[in-house]
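Observations on chain architecture
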Amino acid sequence: MTKLKIAYSPCPNDTFVFDAWAHGRVPDAPRLDVTFADIDVTNGWAEGGTDDHDVLKVSYAVLPWILDEYALLPCGGALGRGCGPLVLTRDPATGADLVGKTVAVPSERSTAYLLFRLWAAEKVPGGVGNVVVMPFHEIMPAVRDGKVDAGLVIHEARFTYQDYGLHRLADMGEHWESTTGLPIPLGAIVARRSLGPETLRRLADAARASVRMAWDDPAASRPYVLEHAQEMDPGVADQHIGLYVNEFTADLGEHGYAAVRGLLTRAAAEGLVPPLGPDALAFP
C-alpha cells in the first residue's frame, strides 16, 4: 500500500504516541509519510480542504468545519484532566480584569481559544480587547516583555511559565471541569473519509497499538521524542507526555465522546462554532 501522509506536531505527546507506527514497528499497520507542523497549521490545512494529507492532528475546536470530509478517530488524540490551557499575566494584581486588554492566543481555531471564549463569557462580561494570534512558543516572552497584557498558553508552558516571571490568572481546564465534570478535549486525530471504512478502522487500530507499544517500552520512543522536542528539557518532556497521553489517547470511550460533544454543543450555543449533526462524531 502507498504510504499514507500524516501531519502532527513535534510535541512530545505526539512523537511518543506515533513513534512505533512512524518507524514501522506496528505489525500490519499502513506505512506513514510524516510531516511535522504546528497545530494551527494543520487546522488551516483541514479547514481549507486543499491539503493532501490523509491523517491530521487538529484541534477539537475545528471539527465542526471539517467533519464532512474528515472522520474523527477514536484514539491517538489528547484529552485529560488537569491539563487545560492557562491565562498568564505579568502582573499578579491584574485579577480577572481583562476588559479591554490585549490577549495573545495560539490560534483562533484552537480548543484553547474556544475554552478561553467560554471562560471569558462568564468571567469577563465586559469583553477582552484585542486578541492576537502568535505561535505558542512566542506567547510567554510577549507577556513577559509587556507586548501583550495576557497570554493563553498550552503544552509544556504549564510547567515553565514561572521561569518567565509570569503569574497564572486562570486555568481554562479547571473552569471547564468544574462546570461540566468532563475531561478536557484538546487535540484530535482525523482522517479523510474518502479512505473508506476499512482503512479508517486500520488507522484507528494502528494508532491504538502505537500508543500501547509506547507505554510498554517508553525507552524505545525516547530518541524520537527528544530529537523533535525543540531543545526542551527532558524532564519537562516527560511531564508533557505524562499529562497529555492517558487512557483517552488509547480510546475516547464514553466520557471522551461526551466531552467532545459537550464542548462543541456548548460552543455552538454561544454562537462560536456551527452546530454538530447527530452522527457527526460517529466512527465507521
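Residues numbered from 1 in each chain as written. Predicted model: local features only at pLDDT ≥ 70, side-chain atom pairs only at ≥ 80, totals over all residues. Heavy atoms only, no water.

1. Comments concerning the packing of helix H9 (residues 218-227) against helix H10 (residues 234-244)
In the contact formed by H9 and H10, the axes pass within 11 Å of each other and the chain directions differ by 110°. As judged from the angle between their axes, H9 and H10 are roughly perpendicular. Where H9 abuts H10, its residues Arg222, Val225 and Leu226 lie against Pro234, Ala237, Asp238 and Ile241. Partitioning the contact of H9 with H10 into residue classes produces five nonpolar, no polar and two charged. (Axes fitted to C-alpha atoms, helices over the stretch in contact; angles between N-to-C directions. Helix = DSSP H or I, 4+ residues; strand = E, 2+ residues; numbered from the N terminus. Parallel < 35°, antiparallel > 145°, perpendicular 65-115°, else oblique. Contact = heavy atoms within 4.5 Å. Nonpolar A, V, L, I, M, F, W, Y, C, P; charged D, E, K, R; others polar.)

2. Things to note about the environment of His137
Relative to the assigned elements, His137 resides in helix H5 (residues 136-144). On the basis of relative accessible area, His137 is assigned to the exposed category, the value being 52%. Spatially, the C-alpha atom of His137 lies 8.7 Å from that of Pro106, the residues being 31 residues apart in sequence. (Buried < 20%, exposed > 50% of the residue type's maximum accessible area, 1.4 Å probe, protein only.)

3. Looking at helix H8 (residues 197-216)
Think of an α-helix as turning once every 3.6 residues; residues three or four places apart then point the same way. Here H8 spans 29 Å end to end across 20 residues, near enough to the 28 Å set by a 1.5 Å rise per residue. The set of residues buried in H8 consists of Thr199, Leu200, Leu203, Ala204, Ala206, Ala207, Arg208, Ser210, Val211 and Ala214. (Expected span 1.5 Å × (residues − 1).)

4. Description of the packing of helix H1 (residues 12-22) against H9
Helix-helix packing: each pair is described by the crossing angle between the helix axes and the interaxial distance. In the contact formed by H1 and H9, the axes pass within 9 Å of each other and the chain directions differ by 115°. By the criterion of interaxial angle, the relationship of H1 to H9 is roughly perpendicular. Note on packing geometry: the crossing formed by H1 with H9 is right-handed. Side by side, H1 and H9 meet where Pro12, Thr15, Phe16, Asp19 and Ala22 of the first sit next to Pro218, Ala220, Ser221, Tyr224 and Val225 of the second. A breakdown of the residues in the contact of H1 with H9 according to their chemical character gives seven nonpolar, two polar and one charged. (Left-handed = near helix turned anticlockwise from the far one by under 90°.)

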